[in-house]
Every structure is written in structure tokens, then in C-alpha cells.
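One letter stands for each residue in the lines below.
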Amino acid sequence: MKVGLFIPCYVDQFYPQVGIASLQLLEKLGVEVGFPLNQTCCGQPMANSGFEHLTGGCNENFIDNFAGFDYIVCPSGSCTLHIKEHLHSEQYETQAGQIRKKVYELVEFITDVLKIESLPARFPHKVGVHQSCHGQRGLKLSQMSELNAPGFSKPGYLLNMVEGLELIELDRKDECCGFGGTFCVAEEAISVKMGKDRITDHTKNGAEYITGGDMSCLMHLEGILKRQNSKIKAVHIAEILNSTN
Amino acid sequence: MKHSELSVTFNKDEDRVDWHDQTLWWVRQKRDKAAFQLPEWELLRETASQIKHNVLGNLHDYLVQFEANALKNGITVHWAADADEHNRIVHNILSKHGVQKMVKSKSMLTEECHLNDYLAENGIEVIDTDLGERIVQLREEPPSHIVLPAIHLKKEDVGETFHVHLGTEKGNKDPVYLTAAAREHLREKFLTRKAALTGVNFAIAETGEFVVCTNEGNADMGAHLADVHIACMGFEKIIPKREHLGVFLRLLARSATGQPITTYSSHFKKPREGQEMHIVIVDNGRSTQLGREDFRNSLKCIRCGACMNTCPVYRRSGGHSYHNAVAGPIGSILAPNLDMSKNADLPFASTLCGSCTNVCPVKIDIHDQLYKWRQVLVKEGHADPVKKLGMQAMTFTLSHPKVYQNGGKIGRWFMKNTPFLVNNSLNPWYKQRDMPEPPKESFREWYLKNR
Amino acid sequence: MSRENILAGIKKNQPENRVLPVLTGLNQSTYNPLEQFKTVLQGIGGEAIEVGNYQEIKDIIAKNYQSSDRIITTLPDFGDIAENNWQTEDPHTLENVELCIIRAHFGVAENSALWVTEDILGLRVAPFICQNLAVIIPKNEIEPTMHEAYKRIAMAEYGFGTFIAGPSKTADIEQSLVLGAHGSKSMVVFLVG
């Protein structure tokens, strides 16, 4: 099994430690991982702004980089969902179709494909999970609060394997953080208010760390946390799952 | 003004935003509690969605059938192509009876058509009789929510409004006291008005009857005391059979407020003896929306407001920021159909979190439609030209790995080109958030060194 | 003229027909209908009182209302404590009714709604305009859900029918629930048998 690691562009540029943790974690779990060097972006920033029709070049580049792998794994629910729902190509539609089926978000790849039952990780802290909406409602990584259906949480399942980690309960378990791509600047007032409220929920329930599967949400929350001089840190779930401290 | 600008104003008083958010979240929680008591809840939603799909595919025949049955029942049926025709029809009925004053229960369609303004210009007084609507009417504001019209107001605001207009005690903000005052004030209107207008929640093709749901009893008080009852409906309110009401009435109030049913679910089939009953069936852009494959499901809406209560953006921006009769997520997919350029901002007033889609009792794919409207609006030329240039540059770079790599010495290209990370203090990101710190090396650089 | 244009536009734009779903499996309730009815009614601000016979109802009413209160009914059996010849009057004359006593066809357990039609209301406005409403129903006439309710209504003929669930209410002022908006301020359901 050969896995292509898809590292979202902003993670590559700003959060290399998340890419490193994802790679090391997969390797630790016995997976052969390749990182195609010409990858750029899934095209979501343009598409969500209404410019999906401009993403053809992006899509073809993606197909070019990833068509050869058995699985494509990405430490972002949002980018994964975008590929799953919107990767198309006039020229290479067969490959695009295959990629849409074999692209996995990191957590679901570990729970659904690798099906691990234990993890050599230690993270002795109180942690709150911020569900990214695309990961949760889009990829169904955990049950959404809207539905009358049995609960489950793939991130929760993995985090519970981590030694010393204590998951905190939130008042609103799956409220959006307000990042929303260009929403975060186009609707700055609401975006920040949503982020502040998400942080308050974690703070009052005793979180030392906020984690999640999408660095974009966490970047937004981190920006607010830093501005507030908060002691709470935002870390990607891959960093916790790869942690041995 | 655009949603983003109106939201800035709304967010000036953060305590009030918190209060607004928590009030609506409480309504969402009531909905959850009611919905989760029914093991069949998700099946009910699916069934309702399928019934509505059948309706969309048979609208023509169902409307013809409804009309024939309504006529048989002694109801007069009118057809209005647009808001203006709707308003003229209502005006004509009132003129024919020499009516100068009318009571009206909740009808979002008449808000959409701006009926009150039209009638006022023609010298006819309209009294809104739903308590929330009466409050906002006295304040000369539009409703901010389709089910909870005065949800943006605090009891102090209502107390002051009633003091000024109804002569209640200054400073008294007790909801029981204020509701009693409104009851007395409006009872006099019910008893003296010759015409009553109501909305329609469901119109049944099979029987030619229509159903109006209220908690307050204002639709019934108006209609049963008036000589003329006018009911206005968008044509999508039609459902095939009476038995389908079982499905929709189970979903409507639970989704809206968490009640098991509204206090009154009144089935109007024939005018009472000596009364005239009129139905106005309105298009106003709906047949166009019906032809838009990606957006026609929006016509399944039963106006429960659940998508608003759950929407994290609505809860923190208030209904008025949507500058449309119907606010929130559902309003944002209906409004561009009515006026694309005026409402081009609304599909962007969302994070696409998807909560709306999953509370919707008829399973409208609201957040997917928001995404699709964005594509349509950009293609139709409603994008900000600066943003368009930025997007084109970004696309070029991201389609060309070499350009991307050369530009990308640690966030340099990103800092310059990503809309939310432009590194200067004018960037809205920076107003209330810090920037991520550029790392020593990118993942790619680390990878090349270490693997 | 608009009629033809609207219908033509719809015909042109409507999607292909999809069949109606079957309405089965939609009642998965496990409750006892009578108990559920009573619980829900209390939750929505109404009151359920179980009685053995009509005399008990009359005693309760006598205890709670004064002789000066205007009480109306459509039930001949209550002619001794209430007016029952008002049905042909102008509906506005019911403005001063303190209590209206009616029967319902049946109740619904899941939401404590009671189905009434014009023929048992006397005047359509009666259950709305009265200050207080009393509805009488045999204990064994409670359907579990709205699906059974509509099976029972079937194609029944009526000019007006309504489900009434509790007293009129509003929460339009800061979501504070207040009973007695425009319709009756209280509702008592007498469950007989």
C-alpha cells in the first residue's frame, strides 16, 4: 500500500510541524508514504469564493501528482472534502473519479483503513476538540448534533488512546469556529465573534489545548488566542497523536 | 448596505450579541429535545422531503386540482404573477367591500411583496396581529425572523414601545403584563375589522382546503370574525393529500420552536355562512426558481426557521443584516432569485458549516446551494473586481507548481496573495487576530532535507 | 391571464415526477396514548382531568366559575349550566364568553391536540374568543400520532376544522412563554370514562 501525503498549501507554508507529525505518524503505523513535490492546493479557496470555474489547472495538477497512489491522505477535513466533492477534469475524469474515492482525511484513514486499536502516544493534558464542520458534517468524522442518530467520534476514538490525555466536554459540541475561508476577512466581525465564542466554550470547560483536524480553523482560533494573550494552545490532532512527551 | 457591514453594526454591542445568540441557541436546543423524542424523526424528514419532491414535479396538476376543489368549496381563487399583482388583487378585494382597515396574521409572503406599504399608500390601515409582528410594526421595523419576528428585541424595548404606543406603564417590562396589554389592544381590532388576511402553511390539492398554524390564535380570531377572509400563498405551499398533513404538522412546530404542534392548526375548507373567502396564489419568481435545477429544492421550504436558529452567523448578525423578508440561510438561497445584484452578498454570509441542511425538516441542501449560488453570482458578474483579479492570480500560481515553489520562501507568496493573510495592518484578519508566525522552513523544505 | 402564464411557466420548469413515499413506519411510539396525552397537555400549559361522568364536570365548573360568568356550550347535556342556543348569533356577540364547553372528535397523544370541526363548535370563533375553554372527550378516544389522526379524519366533510393543543400562547417577548395571547387563556380537557 502506497500512500500519497497531501499537505494543504497553508500547512506547508505556516505549519510544517503538522506535515511532519502526519508523516511521522503514518510511518510509525507502518505505512509507506510519498510526498509528491509538485503539489500545490486543492482549489478550495477559489471555489468557495465562487471561482470554481477557475480551478481547472489546480485540479489537473492535483491529479498529476496523486493519481499513482493507492490512497491519498491529508491532515485537513476541509481540503479532503473539497477533493471528494469537487475534483473534476475534462481530460482525466476517470483518474479524478478514482481520486475522489481514495482520498482520506488523516483521522478517518487511521480509523477506517488502518483500523488501529492502540497508539504509542502520550499527551498528559486537558484537551478540547474543535470539530471542523467540513470534517464532521461533510466527511462524517463524528456524529453531528443536529441528527437523531447514534453518536460516534473518530477523532475522539483516537484521542482516547493517547496516554494521559483528558478530553473535556463542551457546551456546544459542534458549533462552527467562524473561519470559513474568505469569510474570515469578508465577514470579519462575525468571524471573530464566532471564534471568540468557540474559545470561551473551551476555556470555561477547562481546556489547556484546543485540537482538531483542520489547521485553518485552528489558525483562526490561534490568532484570537494569541491576541488575547491566552495560555491555551491550538494544536493539530496529528501533533497529539504523534506526541510522546 | 451589505450583510458584512450591517453585521459590524450589530456587533457593536457584544453583550447583546451574546444574548441574541444564546436566545436562539436555546430555541435550537428545544428543537433538538423535541426531535430526539421521536425515533422516527429522520424518517419523517426524509418522507417530508420526498413528498415535497413529488410536489415540485407535479406542481402544475396539483395547483389546477387545488383550484378546482377550492372553487367547488365556494372559495374565490386569484393568481398573481408578481408582488405588484398580488398587492393589487388584495387591494381590489378590499375596495370592493369598502374596507379601510384590515387585520393580518403572519404571512411572510406579504412581507416579501411589501403589501403593508402598498396598502398604506392606498389609504388602507393594516394591523399585524401576531404579537411579535405587532411589536415590530409599531417600531416601524421589518420582522427579523420568520417565526420569531421580534427576537432581536429585549423586553425593555417592548416595554418602551408599548408605553409609547399602547399607553402601558413606563418602565414595566413584564412579558405577562405586556402580552395582556397587547391582547386587549388587538381584541378591539379583531372585533371591529371587516377583513382579515392570513398566510397559508399548507394547501391541499385533494380537498381544496388550506391550513394555517398559529400559537396565538390570531389567524382564527381575525378570520372567523371578518366578513372577508383573504389567504395569500406562494404556489409551493401545495401538498397532494390531506394525509400528508400528518407528516408536516409533526415536523413544523418541533423544528420551529420545539413544541409538539402549534396551539392551533386550522383547516379552512369553506367560507362560513355569509362570509367571502379568497385565495391568492402567487408566483413572484418561484417558477423561475423551479427551473433552476440546483436551486429548486429551496421551494420545499415550510418556513419553520430552524435553519436560522441553528445558524452561527444568523445568531450573531441578527435578521435585519440579511436585508430581505426572509433572513438566514434559507433567505440567502431564496433572495438571489428575487434580485441577484441586490442580494449578491447573502450567499457569502455563511461559513458553509452545514448545520442548516441537517436541521431542515424537508432536507433542503441549503449549504450546498449557498456554494452553488456563489458560483452563479461570480459567473453573472457580481464579484468584486479586485477579488476577481486576486483569485485569477492565485489560480495561476496554484496551477503552476514551479511558480508556487519559487514564490514560496516561507510564506512569502502566501503573505502576499492569500486574502486572509495579507501582512499589513489594514487586513481585516489582523484587526482582532494575530498572524501565524512564519516558520524557519516549509514542510517541503524539511521533507527535502529529511527524506 | 396571469393564471395561464404562471401555470405554463410551472409546466415548463417543473422537474420530472417522483413517486410519493409510502407513509408507513412513521409511528414508532411505545407510550400509552392516554398517559402521553396527559403528560404532553400539562407540558403545553393545559390541564387534564379524569372524570367518571358529566356530573363531576359540572361540579368542577360550578366550583371555578360564578353565576355571573357567561358560559356557553354546544352540548345539550350541559344545558342546565350553560347557554346552548347561541349558535345562530353574530360571532361578535361571543366577545364576553368566560367559558366555552365543547366536545372533540378525538385527541392525539403525541401533542395533546384535539380535533374539532364546525358542527361541534357552534360558531367557528367560539373556542378562540372565549376566555377559557373546556373540552370533553372519552378516555378511549386518543390516537397515538397525527398519522392515525388523519386516517381517522380521512375524507370527512367539513367547512372548518382545527386541532387545538392547549391554551393560546406566545413567546414573542424575549422567548418568555405567556399563556393567553389572543385565544383562550386556559384549556381544560375532561377525560371521561
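The rules behind the values
Residues numbered from 1 in each chain as written. Chains lettered and ligands numbered in written order. Predicted model: local features only at pLDDT ≥ 70, side-chain atom pairs only at ≥ 80, totals over all residues. Heavy atoms only, no water. Helix = DSSP H or I, 4+ residues; strand = E, 2+ residues; numbered from the N terminus. Buried < 20%, exposed > 50% of the residue type's maximum accessible area, 1.4 Å probe, protein only. Areas by Shrake-Rupley, 256 points an atom, 1.4 Å probe, with all protein chains shown as cover. Contact = heavy atoms within 4.5 Å. Buried area = accessible area lost by both parts, 1.4 Å probe. Salt bridge = Lys/Arg side-chain N within 4 Å of Asp/Glu carboxyl O. Polar contact = N/O pair within 3.5 Å; in protein donor to acceptor, adjacent residues only side chain to side chain. Nonpolar A, V, L, I, M, F, W, Y, C, P; charged D, E, K, R; others polar. Pairing = 2+ DSSP bridges. UniProt positions renumbered as here; feature names shortened; annotations may be inferred. Domains from an automatic or database assignment.

Named according to an unreviewed UniProt entry, chain C is L-lactate dehydrogenase complex protein LldG originating from Pseudarcicella hirudinis.

An unreviewed UniProt entry lists chain A under the name L-lactate dehydrogenase complex protein LldE, with Pseudarcicella hirudinis as the source organism.

Peer 1: So what exactly am I meant to see when it comes to the overall build of chain A here?
Peer 2: Along chain A, the regular secondary structure elements total 13 helices and eight strands. Along the first, second and third principal axes, the C-alpha set of chain A runs to 50 × 40 × 40 Å. Expressed as a percentage of its 245 residues, the buried residues of chain A come to 67%. For chain A, the computed accessible surface area is about 8300 Å², with 48% contributed by carbon and sulfur atoms.

Peer 1: How do you make sense of the arrangement of the chains when you look at a structure like this?
Peer 2: Contacts between protein chains span two pairs of chains, and they are most numerous for chains B and C. The smallest C-alpha distance separating chain A from chain C is 14 Å, and no contact links them.

Peer 1: Hey, could you run me through the interface of chain A and chain B in this one?
Peer 2: The interface is formed by 74 residues belonging to chain A together with 85 residues belonging to chain B. In this assembly, chain A packs against chain B so that about 7000 Å² is buried in total across both faces, 60% of it on carbon and sulfur atoms. Where chain A packs against chain B, one counts 13 salt bridges. Salt-bridge contacts for K431 of chain B lead to E188 of chain A; the nearest nitrogen and oxygen are separated by 3.6 Å. The interface formed by chain A and chain B holds 37 residue pairs in polar contact (both at pLDDT 80 or more) in total. Residue classes in the side of chain A that touches chain B are distributed as 34 nonpolar, 25 polar and 15 charged.

Peer 1: It is not clear to me how the interface of chain B and chain C should be interpreted in this structure. Could you clarify?
Peer 2: Listed by partner, the interface residues are 97 residues for chain B and 72 residues for chain C. Carbon and sulfur atoms make up 61% of the surface buried where chain B meets chain C, a total of about 7000 Å² over both sides. Summed over the shared surface of chain B and chain C, the result is five salt bridges. A salt bridge links E157 of chain C to K269 of chain B, with the nearest nitrogen and oxygen atoms 2.8 Å apart. Counting the contacts that link chain B with chain C gives 47 residue pairs in polar contact (both at pLDDT 80 or more). When residues in the side of chain B that touches chain C are grouped by element, the largest group, 10 residues, is from helix α10 (residues 175-192) of chain B. When its residues are assigned to classes, the side of chain B that touches chain C shows 46 nonpolar, 28 polar and 23 charged. As judged from the five bridges shared by strand β9 (residues 264-268) of chain B and strand β8 (residues 160-164) of chain C, these two strands associate in the antiparallel manner. Each residue of the ladder has a partner; that of S266 of chain B, found in β8 of chain C, is T162 of chain C.

Peer 1: What am I meant to see in unusual backbone geometry here?
Peer 2: Backbone geometry follows two general trends: most residues other than glycine have a negative phi, and most peptide bonds adopt the trans configuration. The phi dihedral of K115 of chain A is positive, around 50°, even though this residue is not glycine. With phi around 55°, K363 of chain B is a residue other than glycine that occupies positive phi space. Examined against the element boundaries, K363 of chain B turns out to sit in the loop between α17 (355-359) and α18 (366-379). The exposure class assigned to K363 of chain B is partly exposed, which follows from its relative accessible area of 32%.

Peer 1: What exactly am I supposed to notice about the UniProt feature "domain: LUD" (unreviewed entry) in chain C here?
Peer 2: Under the UniProt annotation, the feature "domain: LUD" (unreviewed entry) is placed at residues 87-192 of chain C. Annotation note: span residues 87-192 of chain C, helix share 15%, strand share 36%, distance between end C-alpha atoms 25 Å.

Peer 1: What is the right way to look at the domain arrangement of chain A in this model?
Peer 2: Accessible area lost on assembly of the parts is the figure often given for the size of an interface. Residues and elements named next belong to chain A. Domain boundaries in chain A define domain 1 (2-114) and domain 2 (126-241). Here domain 1 and domain 2 have C-alpha centroids that lie 22 Å from each other. With 25 residues of domain 1 in contact, the opposing surface of domain 2 contributes 21 residues. Each partner contributes to the roughly 1900 Å² buried at the junction of domain 1 and domain 2, and carbon and sulfur atoms together form 70% of this total. The largest per-residue losses of area from domain 1 upon contact with domain 2 belong to Y15, L81 and V107, which jointly make up 27% of the total buried on that side. For the salt bridge of D112 with K154, the shortest nitrogen-to-oxygen distance reads 2.7 Å. Our enumeration of links across domain 1 and domain 2 arrives at nine residue pairs in polar contact (both at pLDDT 80 or more).

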